[in-house]
Amino acid sequence: MTNMNILKDNVGRMAADLIEDGQIVGLGTGSTTHYFIKYLGERIKNEELNILGIPTSYQSLIIAREAGINTTTLDEYDIDIAVDGADEVNHNLDLIKGGGAAHTLEKLVDSSAKQFIVIVDQSKMSDELGSFPVPIEIIPDALRIVKKTLIEMGGKPELRMGMKKDGPVITDNGNFILDTKFDIIKNPHQLETELNTIPGVLENGIFSGLADKVIVGKMSHIDVINRED
C-alpha cells in the first residue's frame, strides 16, 4: 500500500468508527470513501449493527453491496450522516468535488444529511479553491452554449473524455461533464450559484458551506477540522 493509500485508509477507518447503530448513512464516491465503505461493512458484520446506506453513485452502490451494507434511497429515508471525499478543500471547508463525475447526487445526499463529514488526504487541502477544475454536469444538447458562457465568465472548460472508451464521459444521469478551470476562487458560494443559473447546467462541483467536519490524513497524524458556528 502506498503512503497516500495509507492516509486514505486511516481517515476511512476513523470515519467508519463514527457511525452509530441505527443510522442512515450517505455513502460518498471515490477512492477515499472506498475505504470508509469497506470498514463500515466490517463493523456492520462484526458488531451486528442495523445500518442502511444511501449510495451516491453506481460505484458506491456496488462497493456497498460487496461490503455487505444494505442500501436504500432518499425516497425512503432521511440521512443521519453522510461521509464523502473531496478533490479540494479550502480553509473555510468549502469543497470542489466531482472528479468521479458523481457530484450531482453527492450534493443532493450530502446537503440532505444532518451531519456531513469529509475525508481527505493532506494533498487535497488548499488555502483557496481553484487548483482543481470545477466539474460541471450539463445536458448534452447544451454543450456549445454552456462552453461559450463559461468562457465569457473567465473559465476554461474542457469536455471530460472517457478512458478505455471512445467519446466523452457519460454520468450516471446520462449527461456530460465540463471540467472548468478558473483562477483562484475568492467567493465559492457566489460562483456556485452563478454556475447553476446557466441554462443547461444540471449541477456544479462547488460545495460551499455544507461540510460540518473534515478529517485530514497526514503522514504523522490525523487532523479533524470542525466548521465554526
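In what follows, the structure referred to is the one given above.
Overview of the structure. This structure is a prediction, so every number in the text was calculated from the model and none was measured.

1. Quick look at the packing of aromatic side chains
Here comes step 1: Going through the model one piece at a time under the given rule, you end up with 0 aromatic pairs.
Here comes step 2: The ring centre of tyrosine 39 lies 4.6 Å from the NZ or CZ of lysine 38, which sits over that ring.
Here comes step 3: The ring of phenylalanine 207 has lysine 97 sitting right over it, with the charged end atom 5.6 Å from the ring centre.

2. Observations concerning the nonpolar core
Here comes step 1: The biggest cluster of nonpolar side chains holds 22 residues, and the ones touching the most others in it are Ile19, Val25, Leu27, Phe36, Leu40 and Ile119.
Here comes step 2: For this core, the secondary-structure elements that each account for two or more residues are helix H1 (3-17), strand S1 (24-27), helix H2 (31-47), helix H3 (58-67), strand S4 (81-84) and strand S7 (115-121).
Here comes step 3: For this core, the element with the highest residue contribution is H2, accounting for 6 residues.
Here comes step 4: In contact with isoleucine 119, other than residues within four places in its own chain, are Val11, Gly12, Ala15, Thr32, Thr33, Phe36, Val83, Asp84, Gly85, Ala86 and Ile215.
Here comes step 5: Within the second largest apolar cluster, 18 residues are counted, among which are Ala113, Val118, Phe207 and Val216.

3. Observations regarding the packing of H1 against H2
Here comes step 1: Direction vectors running N to C along H1 and H2 enclose 45°, while the axes themselves pass 8 Å from each other. By the angle between their axes, H1 is oblique relative to H2. Crossing geometry of H1 relative to H2 is assigned as right-handed. Packed against H1, whose contacting residues are Asn5, Lys8, Asp9, Val11, Gly12, Arg13, Ala15, Ala16 and Asp17, the element H2 presents Ser31, Thr32, Tyr35, Phe36, Lys38, Tyr39, Leu40 and Arg43 at the interface.
Here comes step 2: Among the residues making up the contact of H1 with H2, the classes are represented as 7 nonpolar, 4 polar and 6 charged.

4. Observations regarding the pairing of strand S14 (residues 222-226)
Looking along a regular strand, one sees the side chains alternate between the two faces of the sheet.
Here comes step 1: As paired strands, strand S13 (residues 213-217) and S14 are joined by 5 bridges and run antiparallel to one another. Pairing of glycine 217 across the sheet is with isoleucine 222, part of S14.
Here comes step 2: The antiparallel hairpin formed by S13 and S14 contains 4 residues in its connecting segment.

5. Notes on the pattern of salt bridges
Here comes step 1: This model, assessed by the stated rule, comprises 11 salt bridges.
Here comes step 2: Across the salt bridge formed by aspartate 9 and lysine 38, the nearest N and O atoms sit 4.0 Å from each other. One end of the pair, aspartate 9, is in helix H1; the other, lysine 38, is in helix H2, and 29 residues separate them in sequence.
Here comes step 3: The residue glutamate 47 makes a salt bridge to arginine 43 at a minimum N-O spacing of 2.9 Å. With glutamate 47 and arginine 43 both in helix H2, this residue pair falls 4 residues apart, about one helical turn.
Here comes step 4: Judged by relative accessible area, which is 14%, arginine 43 ranks as buried.

6. Examining the sheet that holds strand S11 (residues 201-204)
Here comes step 1: Here 4 strands make up an open sheet; going across it, the order is S9-S10-S8-S11 and the pairing antiparallel. Looking along the sheet, the strands with just one partner apiece sit at the ends: strand S9 (156-159) and S11. Recorded for the sheet is a direction-independent mean angle of 30° between the axes of neighbouring strands.
Here comes step 2: Relative to S11, strand S8 (residues 134-138) runs antiparallel, the two being bridged by 3 bridges.

7. Looking at the sheet that holds S1
Here comes step 1: Spatially, 7 strands are ordered S3-S2-S1-S4-S7-S13-S14 in an open sheet, and the strand pairing comes out mixed. Looking along the sheet, the strands with just one partner apiece sit at the ends: strand S3 (70-71) and S14.
Here comes step 2: Note that S4 and S7 share 4 bridges and pair parallel. Each residue of the ladder has a partner; that of valine 83, found in S7, is isoleucine 117.
Here comes step 3: Packed onto the sheet, H2 meets S1, S4 and S7 and runs at close to 150° relative to S1.

8. Side note on the side chain of histidine 103
Here comes step 1: Take histidine 103: it is sitting in helix H4 (residues 103-112).
Here comes step 2: Separated by 3.2 Å, the side chain of histidine 103 and the backbone oxygen of glutamate 203 make a polar contact.
Here comes step 3: What histidine 103 contacts, discounting residues up to four positions off in sequence, is Lys97, Gly98, Pro135, Ile136, Glu137, Ile177, Glu203, Asn204, Gly205 and Phe207.

9. Describing H2
Here comes step 1: With 17 residues, H2 should reach 24 Å at 1.5 Å per residue; the first-to-last C-alpha distance of 25 Å fits that figure.
Here comes step 2: Of all the residues in H2, the buried ones are Thr32, Thr33, Tyr35, Phe36, Ile37, Tyr39, Leu40, Gly41, Arg43 and Ile44.
Here comes step 3: Taken together, the buried residues of H2 touch H1, S1, H3, S4 and S7.
Here comes step 4: Positive phi appears at glutamate 48, one or two residues downstream of H2, with a value of about 55°.

Rules and cut-offs
Residues numbered from 1 in each chain as written. Predicted model: local features only at pLDDT ≥ 70, side-chain atom pairs only at ≥ 80, totals over all residues. Heavy atoms only, no water. Phe/Tyr/Trp six-rings, centres within 6.5 Å; stacked < 30°, edge-to-face > 60°. Lys NZ or Arg CZ within 6 Å of the ring centre and 35° of its normal. Core = buried A, V, L, I, M, F, W, Y, C linked by side-chain atoms within 4.5 Å. Buried < 20%, exposed > 50% of the residue type's maximum accessible area, 1.4 Å probe, protein only. Helix = DSSP H or I, 4+ residues; strand = E, 2+ residues; numbered from the N terminus. Contact = heavy atoms within 4.5 Å. Axes fitted to C-alpha atoms, helices over the stretch in contact; angles between N-to-C directions. Parallel < 35°, antiparallel > 145°, perpendicular 65-115°, else oblique. Left-handed = near helix turned anticlockwise from the far one by under 90°. Nonpolar A, V, L, I, M, F, W, Y, C, P; charged D, E, K, R; others polar. Pairing = 2+ DSSP bridges. Salt bridge = Lys/Arg side-chain N within 4 Å of Asp/Glu carboxyl O. Polar contact = N/O pair within 3.5 Å; in protein donor to acceptor, adjacent residues only side chain to side chain. Expected span 1.5 Å × (residues − 1).

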